[in-house]
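As a plain string of letters, each chain reads:
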There are 2 protein chains.
Amino acid sequence: MKLDRYKSIALLDSGVGGLTVAREIMRQLPYESIVYFGDTARMPYGPRPHEQVRGFVSEIIEFLYTQEIKAIIVACNSATAACSDYYRNGVGLPMLGVIEPGVNAALRYTVNKRVGVIGTTGTINSGAYQKVFQRLAPDVELFEQPCPLFVLIVENGLVATREAYRVAEEYLQPLKEAGVDVLILGCTHYPLMMDVIQEVMGPEVKLVSSAQETAREAKMILEEMALISPNKAGLPLHRFFVSGSARPFIEIATKLLGREVIAYQVVLDQKTSFFDLD
Amino acid sequence: MKLDRYKSIALLDSGVGGLTVAREIMRQLPYESIVYFGDTARMPYGPRPHEQVRGFVSEIIEFLYTQEIKAIIVACNSATAACSDYYRNGVGLPMLGVIEPGVNAALRYTVNKRVGVIGTTGTINSGAYQKVFQRLAPDVELFEQPCPLFVLIVENGLVATREAYRVAEEYLQPLKEAGVDVLILGCTHYPLMMDVIQEVMGPEVKLVSSAQETAREAKMILEEMALISPNKAGLPLHRFFVSGSARPFIEIATKLLGREVIAYQVVLDQKTSFFDLD
């Protein structure tokens with residue numbers, strides 16, 4: 001038997017956005033234990049240079065390796081984009097980003113082959129979505145729109161405000177005009193303002209949540225590798241670590257996940273890295 | 001099969017002293033993974049009120065519960081003494097202190113039934129050793145001596161100095177005069193100055209290391225409960241967490257354990273406790 005089946009799935013994000021992926025993992029894979037790392041002290045990742053984000057991700061993965069894990073989900077589009085060249089290899093474990101799962105779903109849904117992507121400035125400027133579409137479906141016309149304020153709206157609890165709606169209208173207008181029939185929420189924070197986005201885009205546009213699609217793909221990969229935790233493994237043990245203060249994270253995560261959350265602040269940058277992704 | 005076998009053994013201490021227990025666990029149980037917590041930000045525990053130490057231990061155990069553990073060793077005599085009334089029950093896992101293992105060993109070795117115990121002021125004043133001896137061997141005459149400076153000598157790397165020898169002579173004189181034939185090192189720091197203590201006491205006095213005896217007893221308990229990690233579990237994963245800065249701990253631990261050490265600083269007191277030992 002594979003003992004690794006009983007290990008945990010690791011998720012990392014710049015903050016709370018990856019919790020949408022965690023929530024989907026809990027829903028789709030209810031027997032899996034989750035170790036979550038939110039780099040709240042250094043969020044947002046969106047505007048940061050890729051080199052720096054890669055360094056952060058490397059530090060976080062080094063920490064996650066202390067946690068008996070069997071797979072790593074980079075539950076952050078900015079981090080996935082920054083690490084896109086190498087995140088699938090070289091860490092000794094199956095590693096999954098949030099970009100390809102969303103693209104795969106969009107290709108299943110689009111009829112008119114006009115697909116929109118919204119994300120942080122870092123994600124959009126990285127061209128990460130363009131590269132994946134060019135590889136998987138060069139005939140699809142892609143319309144991209146950075147929405148830098150969305151992360152801050154979500155992290156500050158402002159989703160249900162009039163300003164949020166106005167900002168969404170402003171950002172999404174070019175995509176409506178382009179006539180996309182699928183819109184990828186290319187940031188794990190965006191499912192938290194899905195209602196606003198759907199209302200602005202109109203009911204005929206299919207929204208693709210990276211979170212949901214990534215959890216689905218994680219499940220497929222774990223199944224293929226015989227790494228699914230069996231029912232009889234007992235109650236899953238979810239634990240959360242953050243680089244910033246634990247209290248505000250606990251509040252948001254408790255609300256978002258609808259369950260009690262155990263979270264600790266961990267200081268990451270006190271030792272030189274023995275592990276390097278590059 | 002018991003899956004818990006593959007979980008880790010947790011050790012907690014006020015600082016680096018418990019590393020002597022960790023080292024013995026690594027030696028006697030080479031397939032076991034260790035999670036170590038050193039409360040370096042709040043050490044020493046010796047002079048603190050028991051109530052406060054109990055609160056600290058409770059916080060640490062709450063953290064250790066996030067780490068997939070199968071047993072807890074309170075690898076600190078002061079903490080064991082502070083929690084002596086209840087540490088064996090109520091945490092849902094086998095839990096072992098460092099006092100009883102040392103007493104059991106002393107009873108095996110003593111011929112003249114005159115046993116010495118050295119420890120921190122907190123441990124000695126707690127009467128914890130007296131209680132255990134009274135219960136297990138009321139005929140043994142006990143001679144106790146607090147040695148508060150020893151922890152500071154060890155933590156500051158001063159073991160091999162002339163002052164350390166002078167301090168040891170001062171502390172140990174009454175025990176020599178009492179004619180003990182066994183001396184319990186009733187603090188997990190003390191094995192680190194065993195040579196000095198042995199030289200002062202003379203070769204005919206048998207020194208009992210809590211660390212060695214505790215590892216031996218942990219092994220017995222895990223064997224009885226069928227919780228020993230099998231050889232085929234793969235390389236053990238040792239990880240260390242501290243409440244203070246990680247760097248100085250890493251330096252000491254690397255030297256003491258003779259291997260590379262992964263350690264992170266964790267902030268403990270940011271959430272109210274959902275778990276309470278009392």
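Preceding this section is the structure that the text describes.
Reference entry: report on the structure contained in this document. (Residues numbered from 1 in each chain as written. Chains lettered and ligands numbered in written order. Predicted model: local features only at pLDDT ≥ 70, side-chain atom pairs only at ≥ 80, totals over all residues. Heavy atoms only, no water.)

Observations regarding the relation of the copies chain A and chain B
Overlaying chain A on chain B yields an RMSD of 0.0 Å, the required transformation being a rotation through 180° with an accompanying axial translation of 0.1 Å. Such a combination of turn and shift is consistent with a two-fold rotation axis. Residue V266 of chain A, judged by its C-alpha, is the member of chain A lying nearest the rotation axis, at 2.3 Å. Mapped onto chain B, 100% of the interface residues of chain A are again interface residues, and the two copies thus contact each other with one and the same surface. (Least-squares fit on C-alpha atoms with pLDDT ≥ 70 in both. Contact = heavy atoms within 4.5 Å.)

Regarding unusual backbone geometry
Following M43 of chain A, the chain continues to P44 of chain A via a peptide bond in cis, the omega torsion being 0°. Structurally, P44 of chain A can be placed in the loop between strand 2 (34–38) and helix 2 (50–64). Positive phi is not limited to glycine here, since E68 of chain A has a value of about 55°. Relative to the assigned elements, E68 of chain A resides in the loop between helix 2 and strand 3 (69–74). The exposure class assigned to E68 of chain A is buried, which follows from its relative accessible area of 16%. Not every positive phi belongs to a glycine, and A226 of chain B is a case in point at roughly 55°. (Helix = DSSP H or I, 4+ residues; strand = E, 2+ residues; numbered from the N terminus. Buried < 20%, exposed > 50% of the residue type's maximum accessible area, 1.4 Å probe, protein only.)

Details of the pattern of salt bridges
A complete count under the given rule lists 26 salt bridges over all chains for this structure. Measuring nitrogen to oxygen at the nearest pair gives 3.7 Å for the salt bridge that ties K7 of chain A to E68 of chain A. Residue K7 of chain A is found in the segment before strand 1 (8–13), and its partner E68 of chain A is found in the loop between helix 2 and strand 3; the two are separated by 61 residues along the sequence. The partner of E141 of chain B in a salt bridge is R114 of chain B, with the nearest N and O atoms 3.2 Å apart. Residue E141 of chain B is found in strand 6 (residues 141–146), and its partner R114 of chain B is found in strand 5 (residues 114–119); the two are separated by 27 residues along the sequence. One network of salt bridges, in which partners are shared, links D4, K7 and E68 of chain A. (Salt bridge = Lys/Arg side-chain N within 4 Å of Asp/Glu carboxyl O.)

A look at empty space enclosed by the protein
Residues and elements named next belong to chain B. Under the definition given, this model contains 1 cavity of 30 Å³ or more. Looking at the largest cavity, its volume works out to about 70 Å³. S14, C76, S78, T120 and C187 are, among the 13 residues lining the largest cavity, the residues nearest its centre. For the lining of the largest cavity, a count of residues per class yields 5 nonpolar, 7 polar and 1 charged. When residues of the lining of the largest cavity are assigned to domains, at least three map to each of domain 1 (8–97 + 213–276) and domain 2 (99–210). (1 Å grid on protein atoms, 1.4 Å probe; cavity = no way out; pocket = protein on both sides within 12 Å on 5 of 7 lines; lining within 4 Å. Points joined across faces, edges and corners; volume = space filled by probe spheres on them. Nonpolar A, V, L, I, M, F, W, Y, C, P; charged D, E, K, R; others polar. Domains from an automatic or database assignment.)

Points about the interface of chain A and chain B
Each side of the interface is counted separately: chain A has 33 residues, and chain B has 33 residues. When chain A packs against chain B, the two sides together hide about 2800 Å² of surface, and 59% of this comes from carbon and sulfur. Seen at the junction of chain A and chain B, the total is 0 salt bridges. Applying the counting rule to chain A against chain B returns 7 residue pairs in polar contact (both at pLDDT 80 or more). The set of elements that each furnish at least two residues to the side of chain A that touches chain B consists of helix 2, strand 9 (239–242), helix 11 (246–257) and strand 10 (263–267) of chain A. Looking at the side of chain A that touches chain B element by element, the count peaks at 5 residues for strand 10 of chain A. Of the residues that constitute the side of chain A that touches chain B, the class distribution is 18 nonpolar, 7 polar and 8 charged. (Buried area = accessible area lost by both parts, 1.4 Å probe. Polar contact = N/O pair within 3.5 Å; in protein donor to acceptor, adjacent residues only side chain to side chain.)

Re the nonpolar core
The biggest cluster of nonpolar side chains holds 52 residues, and the ones touching the most others in it are F63 and L64 of chain A together with F63 and L64 of chain B. Excluding anything up to four places from it in sequence, F63 of chain B contacts F241 and Y264 of chain A together with F37, F241, V266 and L268 of chain B. (Core = buried A, V, L, I, M, F, W, Y, C linked by side-chain atoms within 4.5 Å.)

As for the sheet that holds strand 7 (residues 182–185) of chain A
Residue and element names in this part refer to chain A. Pairing is parallel across the open sheet formed by 4 strands, whose spatial order is 6-5-7-8. On the outer flanks of this sheet lie strand 6 (141–146) and strand 8 (206–209), each paired with one strand and no other. Strand-to-strand twist in this sheet, taken as the mean axis angle between neighbours without regard to direction, amounts to 25°. As paired strands, strand 5 (residues 114–119) and strand 6 are joined by 6 bridges and run parallel to one another. The partner of R114 across the bridge, within strand 6, is E141. (Pairing = 2+ DSSP bridges. Axes fitted to C-alpha atoms, helices over the stretch in contact; angles between N-to-C directions.)

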